[in-house]
Amino acid sequence: MSWRADPQPFAPRWHAIGLAAYLAVLALYAVAGTYVAGARVDPRLYQLLAAAALLGIIVAVVGRLCGWQELRVLLVGWPVAALVVTVLVGVVEPAATRNLPGTITISFVYVGLTCPRWRSLAVVPFGVVAFVVGGGKALPESLPIVVSAAVMWMLVAEVPAWLIAQLEAQSALLREIAHTDALTQLRDRSTLGPQLSMHASESAVVLIDLDNFKNYNDRHGHEAGDKLLVDFADALRWCVREGDIVFRIGGDEFLLMLVGADSAEAEQTLVRLRERWAEVGRSVGFSAGIAAGQQDLMRLADEHMYANKRARGLRTD
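Conventions and cut-offs
Residue numbers here run from 1 along each chain, matching the order of that chain's written sequence. In view of the model being predicted, local features appear only for residues whose pLDDT reaches at least 70, and side-chain atom pairs are presented and counted only at 80 or more, with totals across whole chains, interfaces and linings using the full set of residues. Note: side-chain values were computed over all heavy atoms of the structure, leaving out hydrogens and water. Whether two strands pair depends on DSSP finding at least two bridges between them. Comment: elements are numbered from the N terminus, with helices defined as DSSP H or I runs of at least four residues and strands as E runs of at least two. Axis angles are defined between N-to-C directions and span 0 to 180 degrees, where every axis is a line fitted to C-alpha atoms and, for a helix, only to the segment in contact. A contact between two residues is defined here by any heavy atoms of the two lying within 4.5 Å. In a helix, the anticipated span is given by 1.5 Å times the number of residues less one. The buried label applies to any residue whose accessible area, calculated with a 1.4 Å probe on protein chains only, is under 20% of its type's maximum; exposed applies above 50%, and partly exposed to all values in between. The labels follow the angle: roughly parallel below 35 degrees, roughly antiparallel above 145, roughly perpendicular from 65 to 115, and oblique for the rest. By definition, any crossing whose near helix is turned counterclockwise from its far helix by less than a right angle is left-handed, and any crossing with a clockwise turn is right-handed. Under this grouping Gly is polar, as are all residues other than the nonpolar Ala, Val, Leu, Ile, Met, Phe, Trp, Tyr, Cys and Pro and the charged Asp, Glu, Lys and Arg. By nonpolar core is meant a set of buried Ala, Val, Leu, Ile, Met, Phe, Trp, Tyr and Cys residues that side-chain atoms within 4.5 Å join together.

Note: strands within a sheet are paired through backbone hydrogen bonds, in either parallel or antiparallel orientation. Spatially, the four strands line up as an open sheet ordered β2-β3-β1-β4, and their pairing is antiparallel. Of all the strands in the sheet, just β2 (245–248) and β4 (286–292) have a single pairing partner and so form its edges. Averaged over all neighbouring strand pairs, the angle between strand axes comes to 15°, with direction disregarded. In terms of strand pairing, β2 meets strand β3 (residues 253–259) through four bridges, oriented antiparallel. Paired with isoleucine 245 across the two strands is methionine 257, which belongs to β3. Each of β1 (203–210), β2 and β3 touches helix α7 (residues 192–199); the most contacted strand, β3, lies at about 30° to it. Helix α9 (residues 222–239) contacts β1, β2, β3 and β4 of the sheet and is inclined by roughly 155° relative to β1.

The structure is reproduced here in structure tokens:
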């Protein structure tokens, strides 16, 4: 029943930024080739850059039509594409890339901002080839420089990736706290609506109310009443399956969302709960109502629970 934070948001926006940065790199190589080589520039440079730009735009348009822009795993494609272009441009016209190693660093910054930790390890070989070919580095003489650059790229990518991972972990913890009942550590009712919308058609709902809890609270005190609620929450956690969701929706009211279960399985869950609660030795009983495979599960479960109370001669007010 852990709560996960969503992955970093705005994947479409990051894809747009990746495309813009990719096209900016191509434009930068075109300008550098013209400025450095002048009239001696290889005309294939412009053909290559135009083809790369057109291909990038086509991929972005197709990705948008197919919904790929929602996939964060594909974000790494933009820096890899930029590094591949750097290699090709370095082969065709070295003058266009030799003095622009910063484009490689920018690619790794993008990796660090958009990809999970250690994803930069898979991109480093592309960066090394781009640095050697595009930067005109002769090996093995330039090996120390290449190794130093690769280490720098790793730092440039992994530091922001680590920071983002820490922020996501903190976000997950804060969201867990925000949607958790402080006393019982069960889900509170703030997430009940979305969970019902998501799972109602395939789940059984069990609504549970402790019998005469107010009298117990008045007789034994609020501290004892709180201890009773905590013990009952532990019993609920014990009787459900992994993937089921347990809510505290009121003072002494609880709800089990048994994902993928039917009424028979819900009855078995109640049997386990009654056995567990009897083992704990508490004198307070509980009433329960089950609803499954129908519309408005909450209302039906509530009606069944109160019918259960009346059948046992308990007050329903």
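Taking 1.5 Å per residue, 23 residues should reach 33 Å; helix α2 (residues 44–66) reaches 32 Å between its end C-alpha atoms and fits that length. Taken together, the buried positions of α2 are Leu45, Leu49, Ala52, Ala53, Gly56 and Gly63. Those residues of α2 that are buried are in contact with α1 (11–37) and α3 (77–92). At the exit of α2 stands glycine 67, carrying a positive phi of roughly 80°.

Before going further, it helps to spend a moment on the packing of α3 against helix α4 (residues 102–114). Contact geometry for α3 and α4: axes closest at 9 Å, N-to-C directions at 165°. Considering their axes alone, α3 and α4 lie roughly antiparallel with respect to each other. Remark: the crossing between α3 and α4 carries left-handed chirality. The residues of α4 that touch α3, namely those facing Trp78, Pro79, Ala82 and Leu83, are Ile104, Ser107, Phe108, Tyr110 and Val111. Across the contact of α3 with α4, the residue classes break down as eight nonpolar, one polar and no charged.

A few words on unusual backbone geometry. A cis amide bond links leucine 139 to the next residue, proline 140, at an omega of 10°. Mapped onto the elements of the fold, proline 140 is located in the loop between α5 (120–134) and α6 (143–178). Positioned with a positive phi, glutamine 185 is a non-glycine residue whose angle comes to about 65°. Along the polypeptide, glutamine 185 turns up in the loop between α6 and α7. A relative accessible area of 51% means that glutamine 185 is categorised as exposed. Here the phi dihedral of asparagine 212 falls at roughly 50°; this positive angle occurs in a residue that is not glycine. Residue asparagine 212 is classed as partly exposed on the basis of its relative accessible area of 43%.

The tendency in soluble globular proteins is for nonpolar side chains to be buried as a group. Counting 29 residues, the largest nonpolar core has Val206, Ile208, Leu210, Phe232, Leu236, Leu273 and Phe286 as the members making the most contacts within it. Elements represented by at least two residues in this core include exactly β1, α8 (213–220), α9, β3, α10 (263–280) and β4. It is α9 that provides the largest number of residues to this core, a total of seven residues. Dropping the residues within four chain positions of it, leucine 273 is found in contact with Ile208, Phe232, Ala235, Leu236, Cys239 and Phe286. The next biggest cluster of nonpolar side chains, apart from the first, holds 22 residues, and it includes Ala30, Leu75, Val92 and Ala95.

Spatial relationships are all this shows, so hold off on functional conclusions.
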